[in-house]
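So you can see what is in the structure, the chains are spelled out below.
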Amino acid sequence: SVFGLVKNGSETEGKYMGSGISHFLEHMLFKGTDKRGVGQISKEVQALGGEINASTSFDYTIYTLTVPQTAFDQGLDIISDMLTHSKFEPQQIQKELEVVYGEMRLYKDNPDRYLSQMVFNSVYKQHPYGIPVIGYEELLRSLNREDFVDYYKTHYTPNNTVLSIAGNVRSQEILPKVREIFKDFY
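Computed from a predicted structure; not experimentally measured.

In this structure, Phe24, Leu25, Tyr63, Phe88, Leu140 and Phe148 are the most contacted members of the largest nonpolar core, which totals 42 residues. Discounting residues that sit within four places of it in the chain, Phe24 has contacts with Ile93, Glu96, Leu97, Val100, Leu140 and Phe148.

With that settled, the discussion passes to the packing of aromatic side chains. Applying the stated criterion across every chain yields a total of 11 aromatic pairs. Judged by centre distance (4.6 Å) and plane angle (40°), the ring pair of Phe24 and Phe148 falls under tilted. Here the residue Phe24 occupies a position in helix α1 (residues 21-28), and Phe148 occupies one in helix α7 (residues 145-155), the gap between them amounting to 124 residues. Look at Phe24 and you get buried, because its relative accessible area is 0%. Members of the aromatic cluster, each reached through a chain of ring pairs, are Phe30, Tyr63, Phe88, Tyr152 and Tyr156. The ring of Tyr101 carries the charged tip of Arg141 above its face, separated from the ring centre by 3.9 Å.

Sheets are built from strands that pair by backbone hydrogen bonding, the pairs being arranged parallel or antiparallel. An order of β2-β3-β1-β4 is seen for the 4 strands of this open sheet, with the pairing classed as antiparallel. At either end of the open sheet lies a strand with only one pairing partner, and these are β2 (51-56) and β4 (161-165). Within this sheet the neighbouring strands show an average axis-to-axis angle of 10°, counted without direction. Here strand β1 (residues 2-6) pairs with strand β3 (residues 61-66) via 5 bridges, running antiparallel. Note that in β3 the partner of Val2 across the bridge is Leu65. Strand contacts of α1: β2 and β3, with the helix running at about 165° to β2, the strand carrying the most contacts.

So, on to the pairing of β2. Only one face of β2 is covered, namely the face carrying Ile52, Ala54 and Thr56; the face carrying Glu51, Asn53 and Ser55 is uncovered. For β2 and β3, the ladder comprises 6 bridges, and the chain directions are antiparallel. Paired with Ile52 across the two strands is Leu65, which belongs to β3. Connecting β2 to the next strand, β3, in antiparallel fashion are 4 residues.

With that out of the way, let us pick up the side chain of Gln92. Topologically, Gln92 is positioned in helix α4 (residues 90-109). Judged by its relative accessible area of 9%, Gln92 is buried. With residues near it in sequence (within four places) discarded, Gln92 still touches Met28, Lys31 and Val38.

Next up on the list: the environment of Thr66. Structurally, the position occupied by Thr66 is in strand β3. A sequence separation of 21 residues divides Thr66 from Val45, and the C-alpha atoms of the two residues are 8.5 Å apart. Filtering out sequence-adjacent residues up to four positions away, Thr66 remains in contact with Ser1, Phe3, Gly50 and Glu51. At a separation of 2.9 Å, a polar atom in the side chain of Thr66 contacts the side chain of Ser1.

Before going further, it helps to examine the packing of α1 against α7. Contact geometry of α1 with α7 gives a least axis separation of 11 Å together with a crossing angle of 90°. Relative to α7, the element α1 lies roughly perpendicular. Seen from α1, the contacting residues are Ile21, Ser22, Phe24 and Leu25; seen from α7, they are Asp147, Phe148, Tyr151 and Tyr152. Its residues assigned to classes, the contact of α1 with α7 comprises 6 nonpolar, 1 polar and 1 charged.

Criteria and thresholds
- Residues numbered from 1 in each chain as written.
- Predicted model: local features only at pLDDT ≥ 70, side-chain atom pairs only at ≥ 80, totals over all residues.
- Heavy atoms only, no water.
- Core = buried A, V, L, I, M, F, W, Y, C linked by side-chain atoms within 4.5 Å.
- Buried < 20%, exposed > 50% of the residue type's maximum accessible area, 1.4 Å probe, protein only.
- Contact = heavy atoms within 4.5 Å.
- Phe/Tyr/Trp six-rings, centres within 6.5 Å; stacked < 30°, edge-to-face > 60°.
- Helix = DSSP H or I, 4+ residues; strand = E, 2+ residues; numbered from the N terminus.
- Lys NZ or Arg CZ within 6 Å of the ring centre and 35° of its normal.
- Pairing = 2+ DSSP bridges.
- Axes fitted to C-alpha atoms, helices over the stretch in contact; angles between N-to-C directions.
- Polar contact = N/O pair within 3.5 Å; in protein donor to acceptor, adjacent residues only side chain to side chain.
- Parallel < 35°, antiparallel > 145°, perpendicular 65-115°, else oblique.
- Nonpolar A, V, L, I, M, F, W, Y, C, P; charged D, E, K, R; others polar.

Laid out in structure tokens, this is it:
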């Protein structure tokens, strides 16, 4: 298992606060890199017999990848590619924005989530935790590709990312691989 945890959540959005940009970036990292086209990441992981997922919270976004031990090198390459080389193609941004807007509508229609958000709004009146992680549609609509790329380059950095590896691996064998594959991480 290779997990990439980025200190990038709804609480860290700064000038984009309330837009859900952290959650949106989570979606976009699956939408193509310099090396992998749209849909290829999930297909490649499935072909290896693995699973990949992600989630965003108030304080972090985590990318989780689990593959058989024999596919470790490929799995490491996939997660490093996502974290460091996402493309943010305009056509994919527009498609994924529609997906997220749909999630926002479903979010409002879910009584448990609605009640939970009411509680957070009441408890965290002056703190970003009172803002839904998914954000507000009107704020997300106000952003453009440059905003997404700027936020990505600002938050997806080595000093803001933790890579966690567990399984049938030896640290003395995988550490050189990790250093090599992330050598150009800016």
